[in-house]
Amino acid sequence: MRMKKWLFLSFLFSVCLTSTAQTDEALWNITYQAKCKMFETDKSLSQEMQCLAIGKHSSRYYSLHLEWYKKNSSGVCPYKGTLMQFEVYKNMPKAGTMTFIHMPFWITVEDRMEGLFDWVPAEGDTVICNYPCKKATTKFRGRTWTAWYALDLPFNDGPWKLHGLPGLILSAHDADGLFRFTCLGVKKGHGELYEYPPYEGKMSVTPERAEELMTMEFMDNDAYTYMMTGSRIYKRMKNGKEYKFVPKKPCLFETFAKPKKDKKKRKKRK
């Protein structure tokens, strides 16, 4: 009986995702505690509350911290220094497509969701937020992930970009201990509306190019700002005082091996 119920709900959810959505309403809200090492020089993980809103046709993953500032600070969001400077939309604005948007200059990466993650079942089970969970692992763009998912919540979704399992991912972490998502609560939504950001000037790039730009943002912010806006920054002010930018190498969710340069020299003809 339980299996029939799961198959029926899974079918309904997959049918819903065949639509194209610019706006949607939250049917479920899943709260996660997210921890990550922001920069390689950090000695500890930073943490933040994040949310996955699952709608009729799509889902939105976002920072509760930034969402609060949007509603309480006249729309001014302190992106710099926050843990999560991105949002992820699955099946939005197009069905079957996952859209990653890095702020504040709107670097955008689109991926086809089908087959993006190749999960391998693993031995082990646990209980998270009163939901029995199964275990699976995958390798994705330079990192190995372990996830715990709940079959009682038949949503092909999870925190960040993670998806592709026959149940909602309630917990996930990478093998290096740099990133960790832990579900704190699962609640039904009240029809809260959300929409695909109507921002202009988003730069659509490949995942590899996004890694380069996000690294540049923290290693050479002047060059990054000039590339994205066409203006240069000569003075940085904070609390009325000028301060010097200190380059830091960020820890990114996705890393791509750089092509090796051919060091072989042609032998001189005798």
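Please refer to the structure placed before this passage.
Participant: I would appreciate a short explanation of the pattern of salt bridges in the present structure.
Facilitator: Opposite charge on two side chains lets them pair, provided their charged atoms get close. Inspection of every chain in the model, using the stated rule, returns 12 salt bridges. Note that arginine 143 is salt-bridged to aspartate 176, the shortest N-O span being 3.5 Å. Of this pair, arginine 143 sits in strand β9 (residues 143-150) while aspartate 176 sits in the loop between β10 (168-174) and β11 (179-188); the two residues are 33 residues apart in sequence, bridging distant segments of the chain. Given the relative accessible area of 55%, aspartate 176 is considered exposed. Here the salt bridges share partners, and the residues they tie into one network are Asp111, Arg141, Lys161 and Glu254.

Participant: What am I meant to see in the nonpolar core here?
Facilitator: Formed by 53 residues in total, the largest nonpolar core has its most connected members in Trp145, Trp160, Leu168, Leu170 and Phe181. With near-sequence residues (within four places) excluded, phenylalanine 181 lies in contact with Tyr32, Gln33, Ala34, Gln50, Tyr61, Trp145, Pro159, Trp160, Leu170, Ser171, Ala172 and Phe253. In this structure, Tyr62, Leu66, Trp106 and Tyr194 belong to the second largest nonpolar core, which totals 12 residues.

Participant: I keep staring at the packing of aromatic side chains and nothing clicks. Help me out?
Facilitator: The description of two aromatic rings rests on the distance between their centres and on the angle between their planes. In this structure the tally under the stated criterion is 17 aromatic pairs. Ring centres 6.2 Å apart and planes at 85° place the aromatic pair tyrosine 61 and phenylalanine 181 in the edge-to-face group. With tyrosine 61 in strand β3 (residues 59-63) and phenylalanine 181 in strand β11, the pair connects residues that are 120 residues apart, well separated along the chain. Classification of tyrosine 61 as buried rests on a relative accessible area of 0%. For phenylalanine 181, a relative accessible area of 2% gives the class buried. An aromatic cluster of three or more residues is present, and its members are Tyr32, Tyr61, Phe86, Phe100, Phe117, Trp119, Phe140, Trp145, Trp160, Phe179, Phe181 and Phe253. Over the ring of tyrosine 62 we find arginine 60, and its NZ or CZ is 4.0 Å from the ring centre.

Reading the values: the criteria
Residues numbered from 1 in each chain as written. Predicted model: local features only at pLDDT ≥ 70, side-chain atom pairs only at ≥ 80, totals over all residues. Heavy atoms only, no water. Salt bridge = Lys/Arg side-chain N within 4 Å of Asp/Glu carboxyl O. Helix = DSSP H or I, 4+ residues; strand = E, 2+ residues; numbered from the N terminus. Buried < 20%, exposed > 50% of the residue type's maximum accessible area, 1.4 Å probe, protein only. Core = buried A, V, L, I, M, F, W, Y, C linked by side-chain atoms within 4.5 Å. Contact = heavy atoms within 4.5 Å. Phe/Tyr/Trp six-rings, centres within 6.5 Å; stacked < 30°, edge-to-face > 60°. Lys NZ or Arg CZ within 6 Å of the ring centre and 35° of its normal.

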